[in-house]
Amino acid sequence: MGFGPSPAVRKVLAQTGLMLDQKRHLLELLESEPRVSTHFTSTELRALLDPSRATGSATHFVRQVLARDKEQNHDASLSA
């Protein structure tokens, strides 16, 4: 197993770089990329890029932060 981003992540990062360089929307670039468009329809790409649908991980991240805070505060009270 290698280190660093997966090939899929590297492709998206490359497209993001193109988006910035060419001042184009990421959706447009992904739709024009055959390695992406053969697997995802335009509707699916729109859904994947919709920030309002990215809320599924919020609860998980909040729980992690609260657990870490509780752990750190507990550790601090033991050493005081």
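Keep in mind that what you see is a predicted model, and the values were worked out from it rather than measured.

Reading the values: rules and limits
- Residues numbered from 1 in each chain as written.
- Predicted model: local features only at pLDDT ≥ 70, side-chain atom pairs only at ≥ 80, totals over all residues.
- Heavy atoms only, no water.
- Salt bridge = Lys/Arg side-chain N within 4 Å of Asp/Glu carboxyl O.
- Buried < 20%, exposed > 50% of the residue type's maximum accessible area, 1.4 Å probe, protein only.
- Helix = DSSP H or I, 4+ residues; strand = E, 2+ residues; numbered from the N terminus.
- Expected span 1.5 Å × (residues − 1).
- Core = buried A, V, L, I, M, F, W, Y, C linked by side-chain atoms within 4.5 Å.
- Patch = residues over 30% accessible without salt bridge, like charges linked within 9 Å, V, L, I, M, F, W, Y side chains within 5 Å.
- Areas by Shrake-Rupley, 256 points an atom, 1.4 Å probe, with all protein chains shown as cover.
- Contact = heavy atoms within 4.5 Å.
- pLDDT = per-residue confidence, 0-100.

**Q** Would you take a moment to explain the pattern of salt bridges for this structure?
**A** When the charged atoms of two side chains lie near each other, side chains of opposite charge can form a pair. Enumeration over the complete set of coordinates arrives at two salt bridges. Between Arg-35 and Glu-33 there is a salt bridge, with its nearest N and O atoms 2.9 Å apart. In this structure Glu-33 comes out as buried when scored by relative accessible area, which is 14%.

**Q** For this particular structure, what's the right way to read helix H1 (residues 7–22)?
**A** Residues separated by three or four positions in an α-helix point in the same direction, a consequence of the helix having 3.6 residues per turn. Its 16 residues give H1 an end-to-end C-alpha distance of 22 Å, which sits within 8% of 22 Å, the value for a rise of 1.5 Å per residue. One or two steps after H1, the chain reaches Lys-23, where phi turns positive at roughly 55 degrees.

**Q** Explain the nonpolar core here, please?
**A** The nonpolar side chains of soluble globular proteins are, as a tendency, buried together. Formed by Leu-26, Leu-27, Leu-30, Val-36 and Leu-45, the largest nonpolar core amounts to five residues. Looking at this core element by element, the count peaks at three residues for helix H2 (residues 26–32).

**Q** Teacher, can you tell me more about a nonpolar patch on the surface here?
**A** Together, Phe-40, Leu-48 and Leu-49 make up a nonpolar patch on the protein surface, roughly 270 Å² of accessible area in all. Turning to its location among the elements, Leu-48 is positioned in helix H4 (residues 42–49). The exposure class assigned to Leu-48 is exposed, which follows from its relative accessible area of 59%.

**Q** Explain the environment of Leu-49 to me, please; I cannot follow it from the model alone.
**A** Along the chain, Leu-49 falls in helix H4. In this structure Leu-49 comes out as partly exposed when scored by relative accessible area, which is 35%. Sequence separation of Leu-49 and Leu-27 is 22 residues, and the distance between their C-alpha atoms is 7.6 Å. Aside from chain neighbours lying at most four places away, what touches Leu-49 is Leu-26, Leu-27 and Leu-30.

**Q** Is there a simple way to think about the confidence of the model for the protein in this case?
**A** Reading predicted coordinates in detail is not appropriate for stretches of low pLDDT. Here the protein averages 80 in pLDDT, and 88% of its residues register 70 or above. The lowest-confidence element of the protein is H1, averaging 76 in pLDDT; the highest-confidence one is H4, averaging 92.

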